[in-house]
Every structure is written in structure tokens, then in C-alpha cells.
Amino acid sequence: MTLLLPMTVASLVVSGMGVAILGSIKVPLARRLEIDEARVGGLVSVFGFVMIPVIFAAGFLTDLMGKQGVLMGGSVMMAASLVLLARSRVYWSAFTAVIISSAGWSALINVGNTLTPVAFPGSMAFAQNLGNVFFGAGAFLTPLVIAVLLRRASFTVALSTLAVIAAVPAALALGVDFAALASASSATASETATSPTGFGTLLGDPVMWLCGFTLFFYAPLEACTSAWATTYLGERGVAEGTAAKFLSAFWLTFMAARLVTAFTLPAGRETALICVMAVLCVCVLIGFVLSRSSTTATLMVVAAGLVFGPIFPTLVAVLFNHFEPSVRGRAIGLLFGIGGVGWTVGPMLLGAYASRTSVQRGFSVAVGSAVGLTVVALVLARLQ
């Protein structure tokens with residue numbers, strides 16, 4: 001069990017890396033494949049589309065076949081996808097690599113979330129917020145690492161190096177006793193877990209659906225802000241280099257908010273925190289739409305990191321507090337399955353509206369999503 005913590009941390013970091021890779025290499029990849037922005041966008045979109053059914057299936061595999069095989073399979077698939085992408089010279093080869101990457105990421109993130117409460121003992125909110133700091137670190141560091149690698153080596157060597165990193169969780173998993181881990185996982189079941197095992201019960205539980213729709217409305221906020229923050233700041237007169245720095249500041253405050261939440265949130269106050277943060281999301285995003293100066297715009301981007309950060313891990317804590325360990329893989333799979341629809345549709349709506357008006361006005365779509373998040377969070381809080 002001494003390798004449990006390193007394996008879990010590595011899984012979370014690699015999962016964070018997985019969501020950041022395409023955005024970090026899209027310019028050299030487009031040049032290498034000789035494709036335009038529309039086809040690059042197709043690669044980004046397919047990652048989200050594939051994730052929805054695969055992470056749902058991964059939940060069953062995690063619960064019914066065991067965590068070790070799913071984790072190792074996900075890690076190896078991510079590594080293989082990076083090797084294939086590194087060698088791709090045509091669009092469809094890269095397209096296939098992204099499908100494999102999305103499938104591997106889905107398996108890895110499913111197991112990573114279920115391992116977090118055992119790897120980080122304490123309250124469920126503590127474990128999930130602290131664990132997701134490492135996920136955020138992976139997403140934050142990946143563009144920086146890729147930039148360094150591309151300056152010093154070829155595209156193929158850079159991605160092959162990341163492939164080696166992606167395989168680290170699988171290598172560490174070989175040294176973990178998953179039979180003992182299953183017993184430890186059962187021992188850490190929350191005293192508030194009230195739902196028996198069984199997928200039918202999962203589907204019939206209103207908490208499951210409320211958590212899913214909470215993620216459905218939250219996911220577009222994070223996706224839209226990370227994708228369009230620099231463009232939004234550019235519209236408000238912020239220089240490109242400065243805008244990139246404020247996007248980094250967004251991710252740093254995002255991680256810092258999770259870290260602070262891990263050590264300060266009292267047990268039993270999870271839904272209250274989600275409600276407060278949801279209301280603050282509405283306020284911050286209205287600030288996005290109404291800002292008239294570069295100073296206000298940059299403050300709103302940094303503030304978004306602070307209010308977005310704790311929502312997802314605290315939501316997973318609510319979900320895991322409600323369900324027994326034996327069904328949590330399927331619960332997280334269904335959570336992402338529902339939330340992934342919002343993750344996919346929200347940015348499409350914002351992009352379509354922004355193309356007719358401006359990115360700043362396009363964030364009105366995110367305001368509407370934040371209002372939906374607030375309503376669902378309030379219902380969830382009343383039910384808990």
C-alpha cells in the first residue's frame with residue numbers, strides 16, 4: 001500500500017494532463033497535419049463526445065471487474081494515443097489517437113476519483129478537494145512542459161516524452177495490493193452513505209440526478225472560461241501576452257481555492273458551499289458581460305478561478321457521501337455522462353452566439369448556465 005498515494009497522485013496529474021494536451025499542441029499539430037482551425041476543433045470536440053459513453057461504461061468496469069485493470073488500461077491507452085499522435089502525419093490518424101486518448105482518460109479519471117478517499121484519509125470533501133489540486137496541477141503544468149519540450153526537441157520526441165509520463169500510473173499500479181485496497185475502501189465508507197448497491201437504485205435516486213444536473217450546468221462555466229478567457233480579455237483591450245498570464249492566474253486561483261476548501265470546509269457543509277459558490281458564479285459571470293474596462297475584466301477572470309475551483313470536487317464529495325463504495329464507479333460514470341452533455345453543448349452555444357455578437361456577450365450563455373446551477377444546487381441542498 002506504500003505506492004497507493006504516488007499512484008493516485010500520478011493518475012490525477014496524468015488525467016489533468018489529458019484534458020490540456022490538445023489545447024497545448026493545436027498550433028504545431030495543425031501545421032504538421034496541414035489542417036485548418038475547423039478540423040482542429042473537430043479533434044477537440046471528439047474528445048468530449050467519446051468521453052460521455054466511455055466513462056459511463058468505465059464505471060461498471062471499475063465496480064464489477066476491479067480498479068487495477070481499469071486504471072492500468074486507461075494509463076496504457078493514454079500513453080499509446082500519445083505515441084500514435086506523435087507519429088501522425090494525416091488527420092484521420094490523429095483523429096483515431098484522440099478517440100483512444102478520450103477512452104483512456106475516461107477510465108483513468110473514473111478510477112482516480114474512487115481511489116481519492118482512500119489515498120487522502122479524512123472527510124470526503126477534504127479528500128476530493130485535495131486530490132483535485134493534483135488534477136489541476138496536471139492541467140496547469142502541461143502547456144508549460146510542452147512549450148519547453150518543443151523548444152528543445154521535435155514534435156515526435158515531445159509527445160513521446162509525455163507518453164512515458166502517461167504510463168507511470170500503470171507502472172505504479174503493479175506494486176499496489178488492490179485486494180487490500182478494496183477492504184480499505186469499504187472501511188472508509190461514509191457514515192452518511194444511505195444508498196444500497198445496484199445500478200437500478202442508482203438510477204432511481206434523486207440525489208444522483210441532482211448531482212448530475214449540477215455538473216451539467218457547472219461544466220460549461222469551466223469549459224467556456226478556460227477556452228475563451230484570453231479572447232474575452234483581448235476584446236477588453238488586454239494584450240495577448242498579458243491575457244495568457246491572467247489565464248494562468250485563473251488556474252492558480254482555481255487550484256488555491258480547492259486547497260483552501262480541503263482544509264477549511266466542515267463536514268456536512270458541502271451542499272451549502274456549492275450553493276454559495278453557484279450564486280457567486282452568477283455574480284462573476286454577470287461581471288464578465290457588463291465589464292467596461294480591462295481592469296474589471298481581468299479581476300473577473302481571476303475571481304472566476306476562486307469561485308469555480310471548489311464546486312466539482314465538493315460535488316463528488318456529496319455524491320460519494322451518499323453512495324456506498326461498491327457503486328461509486330458507476331455513480332461517477334453517470335455523473336460525468338450527464339455532465340458531459342453540458343460540457344459539450346454549453347461551449348457550442350456560447351461559440352455560436354459569440355460569432356454573431358462578441359465573446360463578451362457570448363458569456364450571457366454562461367450566466368444562464370450559472371442560474372441553472374444555482375437552482376439545482378438549492379434543490380440538492382434541501383434534499384440532503
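Residues numbered from 1 in each chain as written. Predicted model: local features only at pLDDT ≥ 70, side-chain atom pairs only at ≥ 80, totals over all residues. Heavy atoms only, no water.

S.K.: Can you lay out the side chain of Thr314 for me, pointing to particular residues and giving the numbers?
M.R.: Mapping Thr314 onto the fold places it in helix α14 (residues 311–322). Reaching out from Thr314, the side chain makes a polar contact with the backbone oxygen of Pro310 at a distance of 2.6 Å. The residues contacting Thr314, other than those within four sequence positions of it, are Asn129, Thr261, Leu265, Glu270, Leu273 and Ile274. (Helix = DSSP H or I, 4+ residues; strand = E, 2+ residues; numbered from the N terminus. Polar contact = N/O pair within 3.5 Å; in protein donor to acceptor, adjacent residues only side chain to side chain. Contact = heavy atoms within 4.5 Å.)

S.K.: Break down helix α11 (residues 240–264) for me, citing the residues and quoting the values.
M.R.: Here α11 is 25 residues long and its end C-alpha atoms lie 36 Å apart, about the 36 Å a rise of 1.5 Å per residue gives. Among all positions in α11, only Ala243, Leu247, Phe250, Trp251, Thr253, Phe254, Met255, Ala257, Arg258, Thr261 and Ala262 are buried. Looking at the packing, one finds that the buried side of α11 touches α5 (124–152), α10 (206–235), α12 (270–290), α13 (294–308) and α14. (Expected span 1.5 Å × (residues − 1). Buried < 20%, exposed > 50% of the residue type's maximum accessible area, 1.4 Å probe, protein only.)

S.K.: Go over a nonpolar patch on the surface, please, and point to the residues and values.
M.R.: On the surface, a nonpolar cluster with roughly 340 Å² of combined accessible area is contributed by Leu61, Leu64 and Met65. Its place among the elements puts Leu64 in helix α2 (residues 37–64). (Patch = residues over 30% accessible without salt bridge, like charges linked within 9 Å, V, L, I, M, F, W, Y side chains within 5 Å. Areas by Shrake-Rupley, 256 points an atom, 1.4 Å probe, with all protein chains shown as cover. Salt bridge = Lys/Arg side-chain N within 4 Å of Asp/Glu carboxyl O.)

S.K.: Describe helix α4 (residues 91–119), naming the residues involved and giving the relevant values.
M.R.: With 29 residues, α4 ought to run about 42 Å at 1.5 Å a step, and its terminal C-alpha atoms sit 40 Å apart, in line with that. The largest bend in α4 is about 30°, located at Asn113, with the proline Pro117 one to four residues further on. (Bend = angle between axes of the 7 residues up to and from the residue.)

S.K.: Which residues make up the packing of α5 against α14, and what values do they have?
M.R.: The geometry of a pair of packed helices is captured by two quantities: the angle between their axes and the separation between those axes. One can describe the packing of α5 onto α14 by two numbers: an axis separation of 8 Å at closest approach and a directional angle of 140°. Judged by the inter-axis angle, α5 sits oblique to α14. Seen along the crossing, α5 lies across α14 with a hand that is right-handed. Packed against α5, whose contacting residues are Met124, Ala125, Gln128, Asn129 and Asn132, the element α14 presents Phe312, Pro313, Thr314, Val316, Ala317, Phe320 and Asn321 at the interface. Residue classes in the contact of α5 with α14 are distributed as seven nonpolar, five polar and no charged. (Axes fitted to C-alpha atoms, helices over the stretch in contact; angles between N-to-C directions. Parallel < 35°, antiparallel > 145°, perpendicular 65-115°, else oblique. Left-handed = near helix turned anticlockwise from the far one by under 90°. Nonpolar A, V, L, I, M, F, W, Y, C, P; charged D, E, K, R; others polar.)

S.K.: Just give me the short version of the pattern of salt bridges, but keep the residues and values in it.
M.R.: Scanning the entire structure with this criterion turns up one salt bridge. We note a salt bridge from Arg330 to Asp63, for which the minimum N-O separation is 2.8 Å. Of the two residues, Arg330 sits in helix α15 (residues 328–356) while Asp63 sits in helix α2, which places them 267 residues apart along the sequence. In terms of burial, Arg330 and Asp63 fall into one category: buried.

S.K.: Explain the packing of aromatic side chains to me, using residue names and the numbers behind them.
M.R.: Summed over all chains, the structure comprises 21 aromatic pairs. Summarising the aromatic geometry, the rings of Phe250 and Phe254 are spaced 5.9 Å apart at their centres and angled 35° between planes, so their arrangement reads as tilted. Of this pair, Phe250 and Phe254 both sit in helix α11, four residues apart, which is roughly one turn of the helix. Both residues of the pair, Phe250 and Phe254, belong to the buried class. Through successive ring pairs, a cluster of aromatic residues spans Phe47, Trp105, Phe312, Phe336 and Trp343. (Phe/Tyr/Trp six-rings, centres within 6.5 Å; stacked < 30°, edge-to-face > 60°.)

S.K.: I'd like a description of the nonpolar core, backed by residues and values.
M.R.: Counting residues in each nonpolar core, the largest one holds 127 residues, and the members touching the most others are Tyr218, Leu221, Leu285, Phe288, Phe308, Leu335 and Phe363. Take this core: its biggest share by element is 13 residues, from α10. (Core = buried A, V, L, I, M, F, W, Y, C linked by side-chain atoms within 4.5 Å.)

S.K.: Break down the packing of helix α3 (residues 67–87) against α4 for me, with residues and values.
M.R.: One way to put it is that α3 packs onto α4 with a least axis distance of 7 Å and a crossing angle of 150°. It follows that α3 is roughly antiparallel to α4 by the angle criterion. The handedness of the crossing between α3 and α4 comes out as left-handed. Partitioned by chemical class, the residues of the contact of α3 with α4 number 15 nonpolar, eight polar and one charged.

This is a description of form; function is not addressed.
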